[in-house]
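Observations on chain architecture
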Amino acid sequence: MVFAGKTSRSKELYDRACKVLPAGVSYGIRALPPYPFFVEEAQGVKLRDVDGNEYTDFWVGHGALILGHSPKRVIDAVKKQLPYGTHIGFSHEHEIELAERIVANVPSAEQVRCCASGTEANLYGTRLARGYTGRMKMLKIQGGWHGGYDSLHKAVSYPYTKSESAGLNPKTTEDTDAVPYNDLEAAKKRLKTREYACMILEPVMGAAGFLTPEPGYLQGLREVCTQTGTLLIFDEVITGFRLAPGGAQELYGVKPDMTILGKIIGGGFPIGAFCASADIMERIDQRKYPKAEERVAHGGTFTGNPISMVAGCVTIDQLKDGKIYIDIDRLGKRMREGLEDIFSRGKIPATVTGVGSTFAIHFQSRIPRNAGDCAKNDMPTTKAYFAHMLDSGIIYLSPTVSHCWISSPHTKEDVNAYLKATEDFVKSYKP
Ligand SMILES: Cc1ncc(COP(=O)(O)O)c(C=O)c1O
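The present account deals with the structure reproduced in this document. (Residues numbered from 1 in each chain as written. Predicted model: local features only at pLDDT ≥ 70, side-chain atom pairs only at ≥ 80, totals over all residues. Heavy atoms only, no water.)

Another point: the sheet that holds strand β2 (residues 46-49). Pairing within the open sheet is mixed, and its four strands lie in the order β1-β2-β3-β13. The two strands at the open ends of the sheet, each matched to only one other strand, are β1 (39-43) and β13 (394-395). When β2 meets strand β3 (residues 54-57), the two strands line up antiparallel, connected through three bridges. The partner of Lys46 across the bridge, within β3, is Thr56. (Pairing = 2+ DSSP bridges. Helix = DSSP H or I, 4+ residues; strand = E, 2+ residues; numbered from the N terminus.)

Here it is, written out as C-alpha cells:
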C-alpha cells in the first residue's frame, strides 16, 4: 500500500507537530515528502511507526548506529551508569576510557577532546588549527558538509556561490575558500600561498553520496599541507570507526594532522570529538598557555557526558576485533554490485558509489568525481525512487541525495529486499 494510505496516525502527529515545530520536524532533512512517519520503536534496523508499519532502516541514525538501534550491550552499559550520574559536570573515569580507545585506534590521535556534536567538534577543531598556526584562512571542499558552524557553512550547495543561510554574517565566511573534491591541482594552487591554517575535508565525501578519493589525491594533499605548514584535517564524523577502527585514514594510509569524530563514537548518544598530536592539542592546555589570547578555548556543559562516554566505549569494544567490519563490508559490496547489475540491465541511467558499508545511487550515466557532478543527477527520478522505496518499506535519507549505511543487524535478506524493490522500480518507472 502507498505511504499516504497507511499512515493516518503519523499524519495527525505531523499536523500537531507543525503547530510547534517549524516544518513539523526537529531537523529539516527529516521532513520527508509527503510528511514524515513518526517512529514508535526502533530495534536493530527495523523501525515501527505509530500506525504499526515496519520499515528497514538504511539511514541508521544519520549513520551513527553501526550496531543498529538499541543494541543490548549498549543499553545494559547505559542502564548500569544511569544511577551513578547522567551528567556529572566534573572529571570521571569514563572520559579517559573513551579517549584511550580513540587514541588506540585513530592513527593521528595522541590526545582528544570531546564535544556534544560533530558541528561543535569542527568549530573547536578549526579554531585550534587557526590558533596553532596563527593563520585565519581555511580551505574546504565544494559540497562539503561539516555541520552548521558559520565559518564552514560556505560552498555547501551547488553552485557554491550563494550564501548558505539567511542570517549568516558574510564576515564569518570570508576567510573560507572551497575547491572541488578530487582536484589536487586546485587545492595546491590555493595552499601554496601559505595563507591557510587548514585544509578540511571528508576523506570519503559523505554528503555527496560517499564519493571516494582518486588514487594519490589524499597523499597529494598530505604532501602539499606538509610543505606549506597547513594542517590537514580529516572530518571523519561519518568515516571514523565506520570504514575501519582507524577510519578512512587507516583505510587509505594517509595520516592527517587533526581528526574530527562524531556519530559512532557516541554509541547512539550525542557526541563529537577532535583529536591530534599532543603538540597541537596542548594549545588548549591552560597550564601551558595561561594567557587567554594564546590559548585556544574549548568547553561546554555536556562535554564528557558519562552516558555518551559509556555507550561509545561499549560500541568501540564491539568493533575492535574487526568481525563486524567483515560482515557489513561484505553486505555493502553485495549491495553495490547488485545495484550495478540491476541498473546495467535496465533503461534508467544510474551509477553506484560508496565503500565498505556505505552506498549511494546517482541517477546519471557517469560516476561523479565531486559534489558538482552530483548536481547533474536526474532529480525527478531520484525523488520517484525514494517514494517507491518508502512505499516498499525501505527508508534512507534524503529524498534528493541517497546516503545509505549498512549496520551490523542488517542481513542478506534486507539487502535482497532492497535489491528487489530497486528492480521493481527499474522495471515499472516511466519518466
Ligand atoms: C562529515 C560531517 N561532519 C560534521 C557533521 C555534523 O555533525 P552533527 O550533526 O553531530 O553536528 C556531520 C553530520 O552529519 C557530518 O556528516
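Now that the structure has been shown, the text picks up again.
So, about the layout of surface pockets. Here the second largest pocket is characterised by a volume of approximately 430 Å³. For the second largest pocket, the lining is made up of 16 residues, of which Glu95, Val112, Arg113, Cys114 and Gly304 are closest to its centre. Residue contributions to the lining of the second largest pocket peak at five residues, all from helix α3 (residues 93-105). Split by residue class, the lining of the second largest pocket holds seven nonpolar, six polar and three charged. (1 Å grid on protein atoms, 1.4 Å probe; cavity = no way out; pocket = protein on both sides within 12 Å on 5 of 7 lines; lining within 4 Å. Points joined across faces, edges and corners; volume = space filled by probe spheres on them. Nonpolar A, V, L, I, M, F, W, Y, C, P; charged D, E, K, R; others polar.)

Attention shifts here to the packing of aromatic side chains. For the coordinates displayed, the defined rule picks out 19 aromatic pairs. Between Phe58 and Tyr418, the aromatic rings sit 5.0 Å apart at their centres with planes inclined by 75°, giving edge-to-face as the arrangement. Taken together, the residues Phe58 in the loop between β3 and α2 (72-81) and Tyr418 in helix α14 (residues 412-428) connect sequence positions 360 residues apart. Ring geometry for Tyr124 and Phe274: centres 6.3 Å apart, planes at 20°, overall stacked. With Tyr124 in helix α4 (residues 118-133) and Phe274 in strand β10 (residues 272-276), this pair connects stretches of sequence that are 150 residues apart. This pair shows no difference in class: Tyr124 is buried, exactly as Phe274 is. In textbook terms, an aromatic cluster arises when at least three aromatic residues are bridged by ring pairs, as seen for Phe343, Phe363, Tyr385, Phe386, Tyr396, Phe425 and Tyr429. (Phe/Tyr/Trp six-rings, centres within 6.5 Å; stacked < 30°, edge-to-face > 60°. Buried < 20%, exposed > 50% of the residue type's maximum accessible area, 1.4 Å probe, protein only.)

Attention now goes to the packing of helix α11 (residues 323-345) against α14. Remark: α11 packs on α14, axes separated minimally by 10 Å, with the N-to-C direction vectors making an angle of 15°. Between α11 and α14, the crossing angle belongs to the class labelled roughly parallel. α11 and α14 meet at a crossing whose hand is right-handed. The residues of α14 that touch α11, namely those facing Leu331, Arg334, Met335, Gly338, Leu339, Ile342, Phe343 and Arg345, are Lys412, Val415, Asn416, Tyr418, Leu419, Thr422, Glu423 and Val426. (Axes fitted to C-alpha atoms, helices over the stretch in contact; angles between N-to-C directions. Parallel < 35°, antiparallel > 145°, perpendicular 65-115°, else oblique. Left-handed = near helix turned anticlockwise from the far one by under 90°. Contact = heavy atoms within 4.5 Å.)

Right, let's talk about the site of the ligand for a bit. Residues in contact with the ligand, as listed here, are Ser117, Gly118, Thr119, Asn122, Trp145, His146, Gly147, Glu202, Asp235, Val237, Ile238 and Lys263. Separating an oxygen atom of the ligand from a side-chain N or O atom of Thr119 is a distance of 2.5 Å. Within the side chain of Asp235, an N or O atom sits 2.7 Å from a nitrogen atom of the ligand. At three residues, the largest contribution of residues to the shell around the ligand is made by α4. (Near = heavy atom within 4 Å. Polar contact = N/O pair within 3.5 Å; in protein donor to acceptor, adjacent residues only side chain to side chain.)

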